[in-house]
Protein chains: 2
Amino acid sequence: MNDWVPAGLLTDKYELTMLAAALRDGTANRRTTWEVFARRLPAGRRYGVVAGTGRLLELLPQFRFDDDACELLAHFLDSETLGYLRDFRFSGDIDGYPEGELYFPGSPVLSVHGSFAECVLLETLVLSIFNHDTAIASAAARMVSAAEGRPLVEMGSRRTHERAAVAAARAAYVAGFAGSSNLEAQRRYGIPTQGTAAHAFTMLYAHRDSPSAVSELAAFRAQVEALGPDTTLLVDTYDVTTGIANAVAAAGNGLGAVRIDSGELGVLARQAREQLDQLGANQTRIMVSGDLDEFAIAALRAEPVDSYGVGTSLVTGSGAPTANMVYKLVEVDGIPVQKRSSHKESRGGHKEALRLSKPTGTITEEIVHPAGRPPTTTEPHRALTTPLVRGGDVVADNDLTAARKLVASGLLSLPWEGLKLSPGEPAIPTQTIAP
Amino acid sequence: MNDWVPAGLLTDKYELTMLAAALRDGTANRRTTWEVFARRLPAGRRYGVVAGTGRLLELLPQFRFDDDACELLAHFLDSETLGYLRDFRFSGDIDGYPEGELYFPGSPVLSVHGSFAECVLLETLVLSIFNHDTAIASAAARMVSAAEGRPLVEMGSRRTHERAAVAAARAAYVAGFAGSSNLEAQRRYGIPTQGTAAHAFTMLYAHRDSPSAVSELAAFRAQVEALGPDTTLLVDTYDVTTGIANAVAAAGNGLGAVRIDSGELGVLARQAREQLDQLGANQTRIMVSGDLDEFAIAALRAEPVDSYGVGTSLVTGSGAPTANMVYKLVEVDGIPVQKRSSHKESRGGHKEALRLSKPTGTITEEIVHPAGRPPTTTEPHRALTTPLVRGGDVVADNDLTAARKLVASGLLSLPWEGLKLSPGEPAIPTQTIAP
């Protein structure tokens, strides 16, 4: 795809003009630490799930300024700054929570260390990745939790930007979705893809002279012919009861699944189960889709639903499409710094974090402490901050399976009220130890 | 950026399995028409703004399946389907509303004509582009209208996916924003960029031994030294009054602008104006930013604000991050088709639209009619459907300036209640004439 972009330009202009000003007087070389954190979770959310770490590690080596970028930048930058950018390669260190880790307000999910120059340049890209991917993963985890073990398939590509769709599929997979409809997510990240059929396919077989039940059967036969009886047939184009009868007529009672995409899904799922069983298709699964969010998923718990297809609410973060993360300068030449403008206090100093739990594994508190100085505690605890980049080189594994396991164990570690879907406070408190 | 993607894979898997099934029995060659429309506007919105048309026309020639894509597809597609995809090039026709046109529920904003095979493949990409870009442009237009002529700058890149950010900057520009912070939007689309500075730049100059007012002055001097006195200084890192005094001390009373990013913006803007005037900086502009949406922008109308920086609410569509557009099969071999599942009726037949207005130019009604058969009317009216692609070749100008003009004239054409920010009905009714 001729959709090439100089990665360094996926950035706000002011990062580069600040660089120019700082290079001019030498402050650009000051050693700095920057922290990525969220002051709050989206309204009423009880936990968040860190995602995007792997994408950052993937994009970091590509964050360069080539001739094409420099041609644009020459319009407003001096030659010293351009020279710096031409040779740019991030050479600092990055620590952070591993991808898939839970986070809470104030959790230092990423710390970036290096010269002011190299760290300020990364701000926009780091935040774009974390704010998007974390928003999706955090919403997805609530859906996974609400589904209580039933598989979820991400199918929201059409409801978001075409490239954001790939990242959304990845974030949903991290959070525990079984797969996605997005083919590029499969090519790029190895995420299992699934596909059923659209109403248009059934309608393609419509004839002026024959009733819809007849043309629907023709469409189902064509799909089974091409994809085998284990396919998923979409049965609600015209009438669900007729659709299910046609589906079993076309595929036999070894039909893989039916999908219902509209109507009162709980009632329809019950009727479908009964009808399928009567037709001897008692192994045929029932997939539901159509404007599902975590609440609708939870409401279907008692129904004979085997899997969920989730679109819009997944890719839009179910009401919270961005994660409110910020990238703040917290230390300059070893000295903590913080701004003091109204309502936006940030806390200075390079920090790390650990999480306390009960002997049962249920987490009780997050402790954010000055880097290298964890508090002594006799309670079970786990360090959350891990090395990701050293001297510009990625040192962490970029492993989606590990991230998925971390989300799964994180959800298990929450106190029971942390899993409630209703609005509430963060599941555990965060204590910040002053430097 | 080594971020290459086979564009054909930015697609749901089921488009390709439907293709496989339809190729097998020949239905893939049926002539079809598909319509992109929104059944409703986002809750309470009174109009929407079509955006993404230009991006679709740009991506259409790249929608191919190369070796890399086919390698993946070979895992689940037969050789006939793979052969079709290897040679794929869209060769049909596309009509639609020009980019920047207003739309209402049921407006046929895009019609795609061609074989089932070539049209079904485009579904996901078309919807990704239109649902994203239209959501942003529709929110942006409300902000432009609320700002009553004062310039708005898009600065939300960090709050959305890094590639969605570029499209968001473009959509905001279409809707009337003066510019963006996003450099790739400038490189790719020629959108004017602006930049100020971040709090981090001021904090970089912090010293253990000197008060913040002293280090802030040093930071401002460095910025003015590098960027000239016409720059914008961010004055709320510590204390706004001290910040403004420092800003004028650093740049002189020819300072370009100050930016206030936190606090009670109306009060602060008034105080800032007074202080700047007292300091002789009566040409210095005041820019405000910080969680602004259309309501906050409107609430600042009476204040001495010269421009607005808008981030989060812009890139998230101000509560409506996706535009709910669908891509529906409406005609097969000249016969209108429609599905009948609950609550999701779609209207069959290939359609076009025109818009009626009063002699004053105020629009009164949208008329959706069978293609080629506009109703006769004595009222002033304008055809909305224009040719975009013929035989696979783009025939429309892809002109952002024209799109901006269309939004501006569209906003002027709305009845006054259509511009209200409060929730309400669509500004004009839509009448659909049956085929």
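Bear in mind the structure is a predicted one, so any value in this text is a computation, not a measurement.

Observations regarding the sheet that holds strand S17 (residues 386-390) of chain A
All names here are of chain A. Reading across the sheet, the seven strands line up as S13-S12-S1-S5-S3-S17-S18 and stay open at both edges, with antiparallel pairing between neighbours. Two strands lie at the open edges of the sheet, namely strand S13 (335-336) and strand S18 (393-394), each paired on one side alone. Relative to strand S12 (residues 325-332), strand S1 (residues 31-38) is paired through seven bridges, and the arrangement is antiparallel. The residue bridging Phe37 from the neighbouring strand is Val326, located in S12. Packed on one face of the sheet, helix H5 (residues 116-147) meets S1, strand S5 (110-115) and S12 and runs near 160° to S5.

Points about the interface of chain B and chain A
Taken together, the contact between chain B and chain A spans 105 residues of the former and 105 residues of the latter. Summed over both partners, the interface of chain B with chain A buries about 9,300 Å², with 59% contributed by carbon and sulfur atoms. The tally of links from chain B across to chain A stands at twelve salt bridges. B:Arg158 is the partner of A:Glu123 in a salt bridge, and the nearest nitrogen-oxygen pair spans 3.0 Å. Among the elements that make up the side of chain B that touches chain A, the one with the highest residue count is helix H1 (residues 13-25) of chain B (eleven residues). Of the residues contributing to the side of chain B that touches chain A, the split by class is 45 nonpolar, 34 polar and 26 charged.

Some remarks on the domain arrangement of chain A
Partitioning chain A into structural domains gives domain 1 (7-137 + 320-432) and domain 2 (196-305). For domain 1 of chain A and domain 2 of chain A, the distance between their C-alpha centres works out to 45 Å.

Here we look at the side chain of B:Asp261
Residues and elements named next belong to chain B. Its location among the elements puts Asp261 in the loop between strand S9 (257-260) and helix H11 (265-278). A distance of 2.7 Å separates the side chain of Asp261 from the side chain of Ser289, its partner in a polar contact. For Asp261, the side chain forms a polar contact with the main-chain nitrogen of Gly290, separated by 3.5 Å.

Let's talk about the UniProt feature "domain: Nicotinate phosphoribosyltransferase N-terminal" (unreviewed entry) in chain A
If you check UniProt for "domain: Nicotinate phosphoribosyltransferase N-terminal" (unreviewed entry), the listed places come out as residues 9-131 of chain A in our numbering. With 41% helix and 18% strand, residues 9-131 of chain A has its two end C-alpha atoms placed 18 Å apart.

With respect to the environment of A:Arg188
Residue and element names in this part refer to chain A. Counting through the fold element by element, Arg188 comes out in helix H7 (residues 183-189). For Arg188, a relative accessible area of 23% translates into the label partly exposed. Sequence spacing of Arg188 and Val166 is 22 residues, and the spatial spacing of their C-alpha atoms is 8.7 Å.

Side note on H11(B)
Residue and element names in this part refer to chain B. For H11, with 14 residues, the first-to-last C-alpha span of 20 Å sits near the 20 Å given by 1.5 Å per residue. When H11 is considered as a whole, its buried residues turn out to be Leu265, Gly266, Leu268, Ala269, Ala272, Arg273, Gln275 and Leu276. Buried residues along H11 sit against helix H10 (240-251), S9 and strand S10 (285-289). Gly280 lies just past H11 and shows a positive phi near 85°.

Points about the relation of the copies chain B and chain A
The transformation that overlays chain B on chain A combines an axial shift of 0.0 Å with a rotation of 180°, and the residual RMSD is 0.0 Å. Put plainly, the chains are arranged around a two-fold axis. A shared binding surface is used by both copies, with 100% of the interface residues of chain B retained as interface residues in chain A.

Focus on the state of the cysteines
Residue and element names in this part refer to chain A. The final tally for this structure, using the stated rule, is zero disulfides over all chains. Of all cysteine sulfurs in the structure, the one in Cys70 sits closest to Cys119, which takes part in no disulfide; the separation is 20 Å. You can call Cys119 buried: its relative accessible area is 0%.

Regarding the sheet that holds strand S7 (residues 179-180) of chain A
Pairing in this open sheet of six strands is parallel, and the strands run S7-S6-S11-S10-S9-S8 (chain A) from one edge to the other. Two strands in the sheet have a free side with no partner beyond their single neighbour: S7 and strand S8 (232-234) of chain A.

A short note on helix H5 (residues 116-147) of chain B
All names here are of chain B. Compared with the 46 Å implied by 1.5 Å per residue over 32 residues, the 45 Å span of H5 between its first and last C-alpha is a close match. Along H5, the largest kink reaches about 40° and is centred on Glu123. Of all 32 residues making up H5, 31 are buried, and the element is well covered by its neighbours. Of the residues trailing H5, Glu148 is marked for its positive phi of about 45°.

As for the packing of H10(B) against H11(B)
All names here are of chain B. Where H10 meets H11, the closest approach of the two axes is 10 Å, and the angle between their N-to-C directions is 35°. For the crossing formed where H10 meets H11, the hand is right-handed. Between H10 and H11, the contacting residues are Val240, Thr241, Ile244, Ala245 and Val248 on the first element and Leu268, Ala272, Gln275 and Leu276 on the second. Here the contact of H10 with H11 is built from residues that sort into seven nonpolar, two polar and no charged.

Considering the nonpolar core
Of all hydrophobic cores here, the largest spans 140 residues; its most connected members are A:Tyr308 and B:Phe65. A:Trp34, A:Phe88, A:Val389 and B:Phe201 belong to the second largest nonpolar core, which has 71 residues in total.

Focus on the pairing of strand S1 (residues 31-38) of chain B
Residues and elements named next belong to chain B. Counted residue by residue, S1 has seven buried out of eight residues, so it is predominantly covered. For S1 and strand S5 (residues 110-115), the ladder comprises six bridges, and the chain directions are antiparallel. Each bridged residue has a counterpart across the sheet, and for Val36 the counterpart in S5 is Leu110.

Let's talk about the environment of B:Leu388
All names here are of chain B. Topologically, Leu388 is positioned in strand S17 (residues 386-390). Here Leu388 falls in the buried class, since its relative accessible area comes to 4%. For the pair Leu388 and Phe104, spaced 284 residues apart in sequence, the C-alpha separation works out to 20 Å. Apart from the residues within four sequence positions on either side, Leu388 is in contact with Thr53, Leu57, Ile94, Asp95, Gly96, Leu110, Asp393, Val394, Val395 and Ala396.

Overview of the packing of helix H9 (residues 212-227) of chain A against helix H10 (residues 240-251) of chain A
All names here are of chain A. In contact at an axis separation of 9 Å, H9 and H10 are set at 40° when each is read in the N-to-C sense. As judged from the angle between their axes, H9 and H10 are oblique. Pair H9 / H10 crosses with right-handed handedness. Contact residues: Ala213, Glu216, Leu217, Phe220, Arg221 and Val224 in H9; Thr242, Gly243, Asn246, Ala247, Ala249, Ala250 and Ala251 in H10. Looking at the contact of H9 with H10, its residues break down into eight nonpolar, three polar and two charged.

Topic: the packing of aromatic side chains
Counted under the stated rule, the structure contains 16 aromatic pairs over all chains. An aromatic cluster is built from A:Trp34, A:Phe116, A:Tyr327, B:Phe201 and B:Tyr205, whose rings are joined through pairwise contacts. Its end group placed over the ring of B:Phe76, B:Lys13 keeps NZ or CZ at 4.5 Å from the ring centre.

A word on the pattern of salt bridges
If you walk through the whole model with that rule in mind, you get 48 salt bridges over all chains. With its nearest N and O atoms 2.7 Å apart, the salt bridge here joins A:Asp68 to B:Arg187. Linking A:Asp68 in helix H3 (residues 67-73) with B:Arg187 in helix H7 (residues 183-189), this pair reaches from one chain into another. Judged by its relative accessible area of 30%, A:Asp68 falls in the partly exposed class. For B:Arg382, the salt bridge identified is with B:Glu101, shortest N-O distance 3.0 Å. Residue B:Arg382 is located in strand S16 (residues 381-383), and its partner B:Glu101 is located in the loop between strand S3 (93-96) and strand S4 (102-103); the two are separated by 281 residues in the primary sequence. Among the ionic contacts, a cluster of salt bridges with common partners joins A:Glu58, A:Glu184, A:Arg187, A:Arg188 and B:Asp68.

Conventions adopted
Residues numbered from 1 in each chain as written. Chains lettered and ligands numbered in written order. Predicted model: local features only at pLDDT ≥ 70, side-chain atom pairs only at ≥ 80, totals over all residues. Heavy atoms only, no water. Pairing = 2+ DSSP bridges. Helix = DSSP H or I, 4+ residues; strand = E, 2+ residues; numbered from the N terminus. Contact = heavy atoms within 4.5 Å. Axes fitted to C-alpha atoms, helices over the stretch in contact; angles between N-to-C directions. Buried area = accessible area lost by both parts, 1.4 Å probe. Salt bridge = Lys/Arg side-chain N within 4 Å of Asp/Glu carboxyl O. Nonpolar A, V, L, I, M, F, W, Y, C, P; charged D, E, K, R; others polar. Domains from an automatic or database assignment. Polar contact = N/O pair within 3.5 Å; in protein donor to acceptor, adjacent residues only side chain to side chain. UniProt positions renumbered as here; feature names shortened; annotations may be inferred. Buried < 20%, exposed > 50% of the residue type's maximum accessible area, 1.4 Å probe, protein only. Expected span 1.5 Å × (residues − 1). Least-squares fit on C-alpha atoms with pLDDT ≥ 70 in both. Disulfide = S-S within 2.5 Å. Bend = angle between axes of the 7 residues up to and from the residue. Left-handed = near helix turned anticlockwise from the far one by under 90°. Core = buried A, V, L, I, M, F, W, Y, C linked by side-chain atoms within 4.5 Å. Parallel < 35°, antiparallel > 145°, perpendicular 65-115°, else oblique. Phe/Tyr/Trp six-rings, centres within 6.5 Å; stacked < 30°, edge-to-face > 60°. Lys NZ or Arg CZ within 6 Å of the ring centre and 35° of its normal.

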